[in-house]
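# Secondary and tertiary structure notes
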Amino acid sequence: MVYRLALAIAAACIVTPLAVAPASSAPSQSEDARFTAFGDRVIEQYLRLDPASATQFGEHRYDNRLPDVSAAGRAVTRGFAQRTLPQLARFDRSRLSREHQVDALLLADQLRYILFSDQKLQDWAWNPLSYSGTAGGSLFALTSREFAPLPVRLRAATGRLEALPTFLAQARASLVPARVPKIHAETAAKQNPGLNSLIDDVVAKKGALPSAEQARLVRAAAAAKAAVADYQQWLDKELVPNARGEARIGAANYDEKLRLALNSTLTRQEIRLRAVAEIDRKRSQMYQVASQILRGRPGAPPTPASPTPEQQQAVIEAGLAVVNADVPARNEVIPFATKSLQEAEAFAKAHDIISFPKTDFSVIEMPEFARGASVAYADMPGALEKDQRGFYAVTPIPSDWTEEQTASFLREYNKWAIHELTLHEGVPGHLLQLAHANQYKSKLRAVLSSSPMIEGWACYSEDVMADAGYQNRDPRYLLAHYKFLMRMPVNAIIDQDFHAGNLTREQAMDLMMKTAFQEEREAAGKWVRLQLSSAQLPVYFVGYQEWKDFRAAAEQKPGFNLRKFHDAALSHGSPPVRFIRQLTLGEPIR
């Protein structure tokens, strides 16, 4: 999972309404030159309208601001999208370069998503997590990366702390308790206190400022913490008790959001058919590897060549019991992830799987404000950022978990599974892919990234490492690998069956725990994530399939070389895989 402050403009900074200047029709300019200038102007407005995302992407002129999430702010954003779409349509795509043809298609979908989110989905009225994520992320981005001297970043943080009371008041005014799902309200109430630790972290660095500016920072922090406390009281006393919204977004909204999120030709029904078939394939692979693990073990179940469904289930469960017993200590999860990242980097370099841009990756404890939706995520800056360090954030085991809950978590995230998680989030997964993507110095492409491309690469890269002999292809590692990849088709199914159907918790837990062999803590966490997001869980499976298909097609070309294939494929930024394939293999852009 990749941490991003925003995938589309969801808010506007408090500024006067902005218009993107129409593309000039001067005959002395080529269509490409005109589009480049137009794209730069669009991104200028894009980042000015969303200063929190601007910081994440590496544009720091607006670091002292927070978005305007009021009705007036949303109107500014809506007007921006409505004006820009017809201006984009004036370009003759047939006269654009192939790279710019891709950008034109991506920008059109991004603008359509802005309007869909504002007018149809209306998540501004029912999703408090979008506000807590922006508030926390906007502060964390200023302290976690050394893109400027500390005093410069502290002055920006002071501005954002001064803006925080207004931001939280706007969020409160925008949210309609009766439309907010209970799970969203409860999660927001749990995350909100994490803002205090971020504020304290800023104040702790005040010594880098002159005394007058220190005093201003302290005042801003005190006012911000008071606003956080007031917002917490509203969350606890008003929002949570009165939250009665439906977490399911419905088939119509789901299908439209899925199309915009995936940028794929696959329909919901086609995705489900492919996912069901993939589950059968993965269970077959798991059975073969589990049989190797159990060979010669006393009391092991029979492993016939053609097992019944019951025999297959018993053998895989027995094999996983061996894998799941190899766990780190409760306080050793993050240190083990650090060691695993070092091993993955060394192996990928030694086997010439992919080149490594000049950057630095490290494991960090997941910030409190970001916990509750996933076990880990990759935090890589945008292409415009000078500080290109990448963080593999891992959540610590909650202190209030019982021994049984902790044991369940560690069985799911045993040592072999942590190796697999590291490949996905770290190397050669998200962190390395995004480091490559950031080499493509296009502001437009930097902002218009594709989740299926990014998540699909991370899943595909797990296969690449296994095929290359990672962990000496130990059967325990391979069983954890196949189990990890089993999540993809299961995620795709439960996401659509919940949001476009009537999937119950019991049905989802049965599919995750019995069919996909997940532990109770992992499945319970996924049930929460399923309700908190929509059209996000399928991106792994769809992107993975597209990468596998692309690789198969590329291997048919003369002189195929794996590292050169990976380097070339990742050199275009992070557009949808179908566009990378078209650019690489000379296929029409469509």
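In the block above lies the structure referred to throughout.
For clarity, every value in this text was computed on a predicted model and none was experimentally measured.

Reading guide: rules and limits
- Residues numbered from 1 in each chain as written.
- Predicted model: local features only at pLDDT ≥ 70, side-chain atom pairs only at ≥ 80, totals over all residues.
- Heavy atoms only, no water.
- Helix = DSSP H or I, 4+ residues; strand = E, 2+ residues; numbered from the N terminus.
- Rg over C-alpha atoms; globule rule 2.2 N^0.38 Å.
- Buried < 20%, exposed > 50% of the residue type's maximum accessible area, 1.4 Å probe, protein only.
- Contact = heavy atoms within 4.5 Å.
- Areas by Shrake-Rupley, 256 points an atom, 1.4 Å probe, with all protein chains shown as cover.
- Lys, Arg positive; Asp, Glu negative; His and termini not counted.
- Charge placed at Lys NZ, Arg CZ, Asp CG, Glu CD.
- Core = buried A, V, L, I, M, F, W, Y, C linked by side-chain atoms within 4.5 Å.
- 1 Å grid on protein atoms, 1.4 Å probe; cavity = no way out; pocket = protein on both sides within 12 Å on 5 of 7 lines; lining within 4 Å.
- Points joined across faces, edges and corners; volume = space filled by probe spheres on them.
- Nonpolar A, V, L, I, M, F, W, Y, C, P; charged D, E, K, R; others polar.
- Pairing = 2+ DSSP bridges.
- Axes fitted to C-alpha atoms, helices over the stretch in contact; angles between N-to-C directions.
- Left-handed = near helix turned anticlockwise from the far one by under 90°.

### Here's the deal with the overall build of the chain
When its secondary structure is counted, the chain shows 24 helices and 3 strands. Its C-alpha radius of gyration of 24 Å places the chain within 12% of the 25 Å reference for a compact globule of 590 residues. Projecting the C-alpha coordinates of the chain onto the three principal axes gives extents of approximately 75 × 60 × 45 Å. Taking all 590 residues of the chain together, 59% fall into the buried category. Of the contacts made within the chain by residues no fewer than 6 positions apart, 80% connect residues no fewer than 24 positions apart. In the form shown here, the chain has an accessible surface area of approximately 23000 Å², with 51% of it arising from carbon and sulfur atoms. Here the chain contributes 70 positively and 65 negatively charged side chains, and the mean placements of these two sets differ by 4 Å.

### Overview of the nonpolar core
If you look at the biggest cluster of nonpolar residues, it comprises 154 residues, and the most contacted ones within it are Leu161, Leu164, Met465 and Trp547. A per-element tally of this core places helix α19 (residues 475-499) first, with 14 residues. Not counting chain neighbours up to four residues away, the residues in contact with leucine 161 comprise Leu139, Ile199, Val202, Leu217, Ala220, Ala221 and Ala224. By size, the runner-up hydrophobic cluster in this structure holds 30 residues, among which are Phe35, Tyr46, Phe91 and Leu106.

### Overview of helix α16 (residues 430-437)
The buried fraction of α16 is high, at 8 of 8 residues. Those residues of α16 not exposed but buried are His430, Leu431, Leu432, Gln433, Leu434, Ala435, His436 and Ala437. On its buried side, α16 packs onto β1 (361-365), β2 (376-379), β3 (390-394), α15 (415-425), α18 (451-467) and α23 (562-569).

### A closer look at empty space enclosed by the protein
Here the structure, examined in full by the defined rule, presents 7 cavities of 30 Å³ or more. In this structure, the second largest cavity is lined by 13 residues; those nearest its centre are Ala437, Asn438, Arg445, Ala446 and Ser574. Counting residues per element, the ones that place at least two in the lining of the second largest cavity are α16 and α17 (443-447). For the lining of the second largest cavity, the class distribution of residues is 6 nonpolar, 5 polar and 2 charged.

### A closer look at the pairing of β3
Here β3 lies mainly inside the structure; 5 of its 5 residues are buried. Two strands pair when backbone bridges link them, and β1 and β3 are joined in this way by 5 bridges, in the parallel orientation. Its bridge partner lying in β3, isoleucine 364 is registered against alanine 393. Pairing between β2 and β3: 4 bridges, direction antiparallel. Within β3, the position partnered with tyrosine 377 by the bridge is alanine 393.

### Some remarks on the packing of α18 against helix α22 (residues 539-554)
The relative placement of two packed helices comes down to the angle between their axes together with the axis-to-axis distance. For the pair α18 and α22, the least separation of the axes is 7 Å and the interaxial angle reads 65°. Both α18 and α22 take part in a crossing whose hand is right-handed. Contacts between α18 and α22 pair Ser451, Pro452, Met453, Glu455, Gly456, Trp457, Cys459, Tyr460, Asp463 and Val464 from the former with Val539, Tyr540, Gly543, Tyr544, Trp547, Lys548 and Arg551 from the latter. Residue composition of the contact of α18 with α22, grouped by class: 10 nonpolar, 3 polar and 4 charged.

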